[in-house]
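Take a look at the letters that make up each chain.
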Protein chains: 2
Amino acid sequence: MRGKGIIHALDVEDIDKAFKIAVDVKDYVEMIKISYPMIIRNGSWVIEKIKEITGLPVLACFKIADIPEISKRIMKETIDKDADAVTLHGFVGRKTLEECIKLADKFGVETYVVTEMSHDDADYFLNRELLTQVSERIARVAKELGATGIVAPATKPQRVKKFREIVGSDMIIISPGIGAQGGKVGDAILAGADYEIIGRSIYTAPDPKKKAREMYLTLQERLREVKEESVLH
Amino acid sequence: MRGKGIIHALDVEDIDKAFKIAVDVKDYVEMIKISYPMIIRNGSWVIEKIKEITGLPVLACFKIADIPEISKRIMKETIDKDADAVTLHGFVGRKTLEECIKLADKFGVETYVVTEMSHDDADYFLNRELLTQVSERIARVAKELGATGIVAPATKPQRVKKFREIVGSDMIIISPGIGAQGGKVGDAILAGADYEIIGRSIYTAPDPKKKAREMYLTLQERLREVKEESVLH
């Protein structure tokens, strides 16, 4: 399944609140992304529960970044807990990616490889030029190894565009950094991403349902404008 | 507390087996290190249980590698589950390290920053020279930010030696890669590390208790030889 839409990063540790928000936003998002804070506090049973109450797939954003042996076992346990998709850090090396992707493929679980991150000092240890080189190589290797997609920063639409050129049209690009981190709704998709990941802007809103709906409509509007423009010209 | 000894990487997902091994090896190791596969399968309550049945501190080897906001929350939840120490990936950037170390300090929780990893294709995306530069910078920043220590690969004793020169005598160096990954017991400590992390060699042994004891004695023997040598010369 491939659309253009929003993935909600449900980083809410209070699990009753999290479940409520998940149900509230379910009609406006394509997938729910969860991270370790929720799992460490509550346990990984929440993955199945969120799937059950929303009918949506769950992306376990575990950014797997261990040696190959342990990474593979993180992947295995996450698959056993019924996650539909898992994120992996690219920088750890080819072997970790290879083993995790192979295992996930066997169970029909999607894999998304982080190329470069969305926060502002992601280039602290590598300068911008080196980070660019490394992240583009990671994207190429992710494609070569048959990952479902890559993760690219919505905070830098030009980078998303470049990553789309690199991976071609078959891979899915998911893009975090919309909202609290500075990206505007539609920026990443218009630059070539498939999904925009939105977290805090929705779950910290006074009315998450209303906010999710607003962002959904804004995205539809921007996509429609672009479509009309391309028809007119 | 600072000694020279073994940290057991208890990467055993079957929790009854894991508890048994933890108790079996407790007299021969200084700390128990656990990772995500065990937590994802069983829940993070296992941290407290392992502390209770062994009387040893537990290192949550979560290799935190997310954006600053989420990394801080992983740290918070891990502290709440009573971990004594947590590992962080350095490459993610200074801000993630800074926020996590500050939070851990407040609760007296130790922080260990991964400089470079122990597996054989850790230099796949950065070549060896660049990885060396980046990892040494990570070590300097870890020291500057007041981390408890760093993680350096026992598979490369020369690198451990170099990291010791960089961080000086006050920081703790813990070193994975002994046994299954190729390092010999004592290699890392003799090169300047404080603790050697040993996982598979112990927990996959037919008799983990016997194996842990053997490795403990081998380590003591090697340390004694060196001491005697330095007294003689």
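Starting from 1, residues in each chain are numbered consecutively following that chain's sequence as written. Both sets of labels track the order of writing: A upward for chains, 1 upward for ligands. Only residues with pLDDT of at least 70 are given local features in this predicted model, and only at 80 or more are side-chain atom pairs given and counted; all residues enter the totals for whole chains, interfaces and linings. Side-chain numbers here rest on the full set of heavy atoms in the structure, without hydrogens or water.

Enquirer: Would you mind going over the overall build of chain A with me for this structure?
Expert: Runs of H or I in DSSP of at least four residues are treated as helices and runs of E of at least two as strands, each being numbered from the N terminus. Counting secondary structure elements, chain A contains ten helices and eight strands. The globule rule used here is 2.2 Å times the number of residues to the 0.38 power, and the radius of gyration it is set against is calculated over C-alpha atoms. Relative to its length of 233 residues, chain A is compact, with a C-alpha radius of gyration of 17 Å against a globular reference of 17 Å. Over its C-alpha atoms, taken along the principal directions, chain A stretches across nearly 45 × 45 × 35 Å. Each of the 233 residues in chain A was classed as buried or not, and the buried ones make up 60%. Throughout, a residue-residue contact means that at least one pair of heavy atoms, one from each residue, lies within 4.5 Å. Expressed as a percentage of contacts within chain A between residues at least 6 apart in sequence, the contacts between residues at least 24 apart total 66%. In the form shown here, chain A has an accessible surface area of approximately 9400 Å², with 49% of it arising from carbon and sulfur atoms. In summary, the charge assignment counts Lys and Arg as positive and Asp and Glu as negative, without counting His or the chain termini. A single reference atom marks each charge: NZ on Lys, CZ on Arg, CG on Asp, CD on Glu. Of the side chains in chain A, 36 bear a positive and 37 a negative charge, and the two mean positions are spaced by 1 Å. Exposure categories follow from relative accessible area, calculated using a 1.4 Å probe and restricted to protein chains: below 20% of the type maximum is buried, above 50% is exposed, and the middle band is partly exposed. Here the open area of atoms and residues is found with the Shrake-Rupley method and a 1.4 Å probe, where only the protein chains shown may cover a residue.

Enquirer: What is the right way to read the sheet that holds strand S2 (residues 31-34) of chain A from this model?
Expert: Consider a sheet: its strands pair through backbone hydrogen bonds, and that pairing is either parallel or antiparallel. Residues and elements named next belong to chain A. Taking strand neighbours around the barrel as the criterion, the eight strands line up as S1-S2-S3-S4-S5-S6-S7-S8 in a closed arrangement whose pairing is parallel. Across the sheet, the mean angle from the axis of one strand to that of its neighbour is 30°, orientation sign disregarded. Of the pairings in the sheet, the one linking strand S1 (residues 5-9) to strand S8 (residues 195-198) comprises four bridges and is parallel in character. In the strand pairing of S8, histidine 8 is matched with isoleucine 198. Only the contacting stretch of a helix is used when fitting its axis, a line to C-alpha atoms as for every element, and angles between N-to-C directions run 0 to 180 degrees. Those strands touched by helix H7 (residues 157-167) are strand S6 (149-151) and strand S7 (172-178), and its axis lies near 170° from that of S7. In the packing of helix H10 (residues 208-232) onto the sheet, contacts are made with S1 and S8, and the angle to S1 comes to roughly 150°. Strands pair, by our definition, only if DSSP identifies at least two bridges between them.

Enquirer: Just to check I follow, could you spell out helix H1 (residues 15-25) of chain A for this structure?
Expert: Residue pairs three or four apart in sequence face the same way in an α-helix, which turns once every 3.6 residues. For H1(A), the set of buried residues is A:Ile15, A:Ala18, A:Phe19, A:Ile21, A:Ala22, A:Asp24 and A:Val25. We call two N or O atoms a polar contact when they sit within 3.5 Å, provided that within protein one can donate a hydrogen and the other can accept it, with sequence-adjacent residues counted only if both atoms are side-chain atoms. Between a side-chain oxygen at the N-terminus of H1(A) and the backbone nitrogen of A:Asp16 the separation is 3.2 Å; the capping residue is A:Asp14.

Enquirer: Can you walk me through the environment of A:Tyr124 in this structure?
Expert: Tracing the chain through its elements places A:Tyr124 in the loop between strand S5 (110-114) and helix H6 (128-144). Owing to a relative accessible area of 23%, A:Tyr124 belongs among the partly exposed residues under this scheme. Between the C-alpha atom of A:Tyr124 and that of A:Asp105, which follows or precedes it by 19 residues, the distance is 34 Å. Residue contacts for A:Tyr124: discarding those within four places in its chain leaves B:Gly93, B:Arg94, B:Arg137 and B:Val141. A distance of 2.9 Å separates a polar atom in the side chain of A:Tyr124 from a polar atom in the side chain of B:Arg94.

Enquirer: What's the story with the pattern of salt bridges in this structure? I'm lost.
Expert: Side-chain pairs of opposite charge can arise where the charged atoms are in close proximity. Each reported salt bridge corresponds to a side-chain nitrogen of Lys or Arg within 4 Å of a carboxyl oxygen of Asp or Glu. A complete count under the given rule lists 40 salt bridges over all chains for this structure. Residue A:Glu69 is joined to B:Arg200 by a salt bridge in which the shortest nitrogen-to-oxygen separation is 3.9 Å. Of the two residues, A:Glu69 is situated in helix H4 (residues 68-80) and B:Arg200 in helix H9 (residues 200-203); the pairing between them involves two chains. By relative accessible area, A:Glu69 is classed as partly exposed at 23%. Overall, the relative accessible area of 25% leaves B:Arg200 in the partly exposed class. B:Lys20 serves as the salt-bridge partner of B:Asp24, at 2.9 Å between the closest nitrogen and oxygen. Of this pair, B:Asp24 and B:Lys20 are both found in helix H1 (residues 15-25), four residues apart, which corresponds to roughly one turn of the helix. Overall, B:Asp24 belongs to the buried group, its relative accessible area being 16%. A single salt-bridge network, built from bridges that share partners, covers A:Glu116, A:Asp123, A:Arg128, A:Glu136 and A:Arg159.

By themselves, these figures tell us nothing about what the structure is for.
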